[in-house]
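Per-entry structural report
What follows is each chain in one-letter form.
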Amino acid sequence: MIAPVPLAKAYRLLNHGPVVLVSSAHGATRNLMAAAWSMPLDFDPPKVAVVIDKSSYTRELVDASGEFVLSLPCRQLAEATLAVGTRSGRTGDKFDALGLATRASSVVAAPGVAGCVGWLECRVLPEPHVQAAYDLFIVEALAAFAEDTAFQNGRWVFADASQRTLHHVAGGNYFVTGEAIAAAPERL
């Protein structure tokens, strides 16, 4: 079941470095891309940095709308994640072409990707120089959600191996999040 994540803990959805799917929309047009370069920046309000190349169709829609959704795909979406990262949305709707279901957002117009384990609905914090020079977007997370079987009490649990998030290595290869361990404080 999908549950809201308190915004003060939203950074925890990304702090382990997963690939994200960036969905954007403007008017009746929508698009989707994969991004390996994203990271949490702040707690309150929660901020995230995401690289969106200026040549991408997603970038056009983000520039026009000022918002997007970050969806966190899991193992079962590895092939779709690769496909959205290697196709252009200029030739057609990737959601339709790949048979990807959407999840309605609560605050932004762009949809999330159904079947993922986490979602952050984001608004761009304008930094024109940084966006133009480095393709880096700084955004505020306005709402956050996660599958309650994978994210509990503000932490990933990944009890079901199929819900482990993807981490891009290169060339269509991914790792999935592995075993959780708890380190004990050093005792002197």
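Please refer to the structure higher up on the page.
What counts, and where the lines are drawn
Residues numbered from 1 in each chain as written. Predicted model: local features only at pLDDT ≥ 70, side-chain atom pairs only at ≥ 80, totals over all residues. Heavy atoms only, no water. Helix = DSSP H or I, 4+ residues; strand = E, 2+ residues; numbered from the N terminus. Rg over C-alpha atoms; globule rule 2.2 N^0.38 Å. Buried < 20%, exposed > 50% of the residue type's maximum accessible area, 1.4 Å probe, protein only. Contact = heavy atoms within 4.5 Å. Areas by Shrake-Rupley, 256 points an atom, 1.4 Å probe, with all protein chains shown as cover. Polar contact = N/O pair within 3.5 Å; in protein donor to acceptor, adjacent residues only side chain to side chain. Pairing = 2+ DSSP bridges. Core = buried A, V, L, I, M, F, W, Y, C linked by side-chain atoms within 4.5 Å. Disulfide = S-S within 2.5 Å.

**Overview of the overall build of the protein**
Counting secondary structure elements, the protein contains four helices and 14 strands. Since a compact globule built from 188 residues should have a radius of gyration of about 16 Å, the 16 Å found for the protein is in line with a globular shape. For the protein, the spread of C-alpha atoms along the principal axes amounts to about 55 × 35 × 30 Å. Taking all 188 residues of the protein together, the buried fraction comes to 44%. Residue pairs in contact within the protein that sit at least 24 positions apart in sequence constitute 66% of those at least 6 positions apart. Taken as a whole, the protein presents about 9500 Å² of accessible surface, with 55% of it coming from carbon and sulfur.

**Thoughts on the side chain of His-167**
Relative to the helices and strands, His-167 resides in strand β13 (residues 166–170). Using a relative accessible area of 14% as the deciding quantity, one classes His-167 as buried. At 3.0 Å, the side chain of His-167 forms a polar contact with the backbone oxygen of Gly-17. There is a polar contact of 3.4 Å between the side chain of His-167 and the side chain of Thr-165. When neighbours within four sequence positions are excluded, His-167 is seen to be in contact with His-16, Gly-17, Pro-18, Val-19, Asn-173, Tyr-174, Phe-175, Val-176 and Thr-177.

**Looking at the pairing of strand β4 (residues 38–43)**
In this structure, β4 lies alongside strand β5 (residues 46–51), joined through five bridges in antiparallel fashion. Bridging across to β5, Ser-38 finds its partner in Val-50. Two successive antiparallel strands, β4 and β5, enclose a turn made up of two residues.

**Overview of the pairing of strand β2 (residues 20–26)**
Counting buried positions along β2 gives six out of seven residues, so the element sits mostly inside the fold. Alignment of β2 against strand β3 (residues 29–35), held across seven bridges, turns out to be antiparallel. In the strand pairing of β3, Val-20 is matched with Ala-35. Where β2 folds back onto β3 in an antiparallel hairpin, the turn is made up of two residues, including Gly-27, whose phi is positive at roughly 60 degrees. Summarising the sheet, β2 and strand β6 (residues 67–72) pair through three bridges and their orientation is antiparallel. Considered in β6, the bridge of Val-22 is made with Leu-70.

**What about the nonpolar core?**
Within the largest apolar cluster, 29 residues are counted, with the highest numbers of intra-cluster contacts made by Leu-13, Val-22, Phe-68, Leu-70 and Leu-120. Looking at which element gives the most residues to this core, the answer is strand β10 (residues 136–147), with five residues. Apart from the residues within four sequence positions on either side, Leu-120 is in contact with Ala-10, Leu-13, Leu-14, Phe-68, Val-69, Leu-70, Leu-72, Ala-141, Ala-143 and Ala-144. Of all hydrophobic cores here, the second largest spans 16 residues; its members include Leu-77, Leu-100, Cys-116 and Ala-143.

**Points about the state of the cysteines**
If you walk through the whole model with that rule in mind, you get zero disulfides. You can see Cys-116 has no disulfide; the closest cysteine sulfur is in Cys-74, sitting 6.5 Å from it. In this structure Cys-122 is not part of a disulfide, and its nearest cysteine sulfur, from Cys-116, lies 13 Å away. Here Cys-122 falls in the buried class, since its relative accessible area comes to 0%.

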